[in-house]
Amino acid sequence: MSKVTNKWSIKKLAGHCGARLEGVSLANASLSQLEEMRSALFKYGVIVMPGQNLSPENHISLAEFFGEIDVNRFFTPVPSHPVIAEVRTTPDQAEVIGGTWHTDHSYDEAPAMCSILNAKELPPFGGDTHFASMAAAYKSLTPGLQNMLKRLRAWHSDSSFENSNVGINPKKTAFRDPTLHPVIIKHPNTGVPCVYVNGDFTTNFENWSFEESAPLLSYLYAVITKPVFTARVVWEPGMVAIWDNRLVQHYATADYPGHTRLMHRITVAGVPLEGI
Ligand SMILES: [Fe+2]
């Protein structure tokens, strides 16, 4: 456990997103320490805090600092604490939950603001999570493309869970109608413009067919996941990571066949997203 001090020590993980916060125990943090952590989340997009070893109760309390818990309707709940979702990879599983670039819950009308992952069981190697800054990606686009994208909205759907092969078996009643979000959103807390389309859940632009949408979406996915915009989180036992689903996308690396990986995840409710 890190030594408890008054201030977080904050070190950036990469140029455009990610920071490592140490020096405060989340289970005993003061309101000002939690507020400082939240500011870091909105600045860096993803924050990792090693050595926290949070209990499920600590995990829930941390989530409630940010807001109401948004229980995922597709994932298996932790039996003793059903507001926590289990993100589990078994040794015989070739694909993993989140093994493509995506934004958690973008298929919802008010998508989750952040996700809080608590490492419970890690493979002996691999299983890193990559994050990419959607603010840096937006900034890199030309004014011509920025201006066109600002006028567009896109449909997001949970239908990709229908044929999922990652150990989740959603009920038919879990699925909802697709929802529209601006392609460029204004971050609800900071106002920063961010690209908001992702390969798992975005299907097409509003009033565009799937075929018409595919080339531009493919181009955007290639740009927004360029390594230069990313940070790589190497998990450690007891580490907690929190990411802002409006500011970053993420990708779970499925490179530990034959091993188990178990994470506990809570998602926190967000707000409907506005364009800029
Ligand atoms: Fe995810």
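K.L.:
Describe the overall build of the protein, listing the residues and the values that go with them.
P.N.:
Counting secondary structure elements, the protein contains five helices and 16 strands. For 276 residues, the compact-globule formula gives about 19 Å, and the C-alpha radius of gyration of the protein, at 18 Å, lands near that figure. The principal-axis extents of the C-alpha atoms in the protein amount to approximately 55 × 40 × 30 Å. Per-residue burial for the protein yields a buried fraction of 42% across its 276 residues. Look at the contacts in the protein between residues 6 or more apart in sequence, and 81% of them connect residues 24 or more apart.

K.L.:
Lay out the sheet that holds strand S4 (residues 77-78) with the relevant residues and their values.
P.N.:
Spatially, the eight strands line up as an open sheet ordered S1-S2-S3-S14-S6-S16-S5-S4, and their pairing is mixed. The open sheet has two free edges, formed respectively by strand S1 (9-12) and S4, since each of these has just one partner strand. Of the strand pairs in this sheet, S4 and strand S5 (residues 81-89) are connected by two bridges, and their pairing is antiparallel. Along S5, the bridge assignment pairs Val78 with His81. Each of S1, strand S2 (19-22), strand S3 (46-49), strand S6 (114-121) and strand S14 (240-244) is contacted by helix H1 (residues 31-44), which is oriented at about 135 degrees to S3, the strand it contacts most. Set on the sheet, helix H2 (residues 56-66) makes contact with S4, S5, S6 and strand S16 (261-268); between it and S16 the angle comes to about 30 degrees.

K.L.:
Report on unusual backbone geometry, specifying residues and quantitative values.
P.N.:
Even without being glycine, Asn53 reaches a positive phi, approximately 45 degrees. Looking at the secondary structure, you find Asn53 in the loop between S3 and H2. C-beta crowding within 10 Å serves as the criterion here: with 17 such atoms nearby, Asn53 is assigned to the partly exposed category. Positive phi, normally seen in glycine, also occurs at His105, with a value near 65 degrees. With respect to the helices, strands and loops of the structure, His105 is situated in the loop between S5 and S6. We classify His105 as buried; it has 22 C-beta atoms within 10 Å.

K.L.:
Tell me about the sheet that holds strand S12 (residues 202-205), and please be specific about residues and values.
P.N.:
Read from one edge to the other, the open sheet built from three strands follows the order S9-S8-S12, with strand pairing classed as antiparallel. Here the strands that pair on one side only, and so sit at the sheet edges, are strand S9 (179-182) and S12. Geometrically, the sheet is characterised by an average inter-axis angle of 35 degrees between neighbouring strands, direction not taken into account.

K.L.:
So, the nonpolar core: which residues are in play, and what are the values?
P.N.:
Counting residues in each nonpolar core, the largest one holds 69 residues, and the members touching the most others are Val46, Ile47, Met134 and Val195. With near-sequence residues (within four places) excluded, Met134 lies in contact with Cys194, Val195, Tyr196, Ile224, Leu247, Val248 and Gln249.

K.L.:
Please give an account of the environment of Gly238 that cites residues and values.
P.N.:
Within the element layout of this structure, Gly238 appears in the loop between strand S13 (230-233) and S14. Here Gly238 falls in the partly exposed class, since 16 other C-beta atoms lie within 10 Å of it. Through-space distance from the C-alpha of Gly238 to that of Gln52 is 5.3 Å; in sequence the pair is 186 residues apart. In contact with Gly238, other than residues within four places in its own chain, are Pro50, Gly51, Gln52, Asn53 and Ala119.

K.L.:
Can you lay out the pairing of strand S7 (residues 129-133) for me, pointing to particular residues and giving the numbers?
P.N.:
Sheet faces and side chains relate simply in a regular strand, where the side chains alternate between the two faces. With four of its five residues buried, S7 lies for the most part within the structure. With five bridges joining them, S7 and strand S15 (residues 248-252) adopt antiparallel strand pairing. Of the residues in S15, the one forming a bridge with Ala132 is Gln249.

K.L.:
Requested: an account of the environment of Val195, with residues and values cited.
P.N.:
Its place among the elements puts Val195 in strand S11 (residues 193-195). A residue is classified by how many C-beta atoms lie within 10 Å of it, and Val195, with 26 of them, is buried. Residues Val195 and Thr89, spaced 106 residues apart in sequence, show a C-alpha to C-alpha distance of 30 Å.

K.L.:
Give me the lowdown on helix H5 (residues 210-224), citing residues and values where you can.
P.N.:
Over its 15 residues, H5 extends 20 Å from the first C-alpha to the last, a length consistent with the 21 Å expected when each residue adds 1.5 Å. Among the residues of H5, Ser213, Leu217, Leu220 and Ile224 are the ones counted as buried. On the buried face of H5, the contacting elements are S7, helix H3 (134-140), S11, S12 and S15.

Rules behind the numbers
Residues numbered from 1 in each chain as written. Predicted model: local features only at pLDDT ≥ 70, side-chain atom pairs only at ≥ 80, totals over all residues. Helix = DSSP H or I, 4+ residues; strand = E, 2+ residues; numbered from the N terminus. Rg over C-alpha atoms; globule rule 2.2 N^0.38 Å. Buried ≥ 20, exposed ≤ 12 C-beta atoms within 10 Å, placed from the backbone. Contact = placed C-beta atoms within 7 Å. Pairing = 2+ DSSP bridges. Axes fitted to C-alpha atoms, helices over the stretch in contact; angles between N-to-C directions. Core = buried A, V, L, I, M, F, W, Y, C linked by C-beta atoms within 7 Å. Expected span 1.5 Å × (residues − 1).

These values are about where atoms sit, not about what they do.
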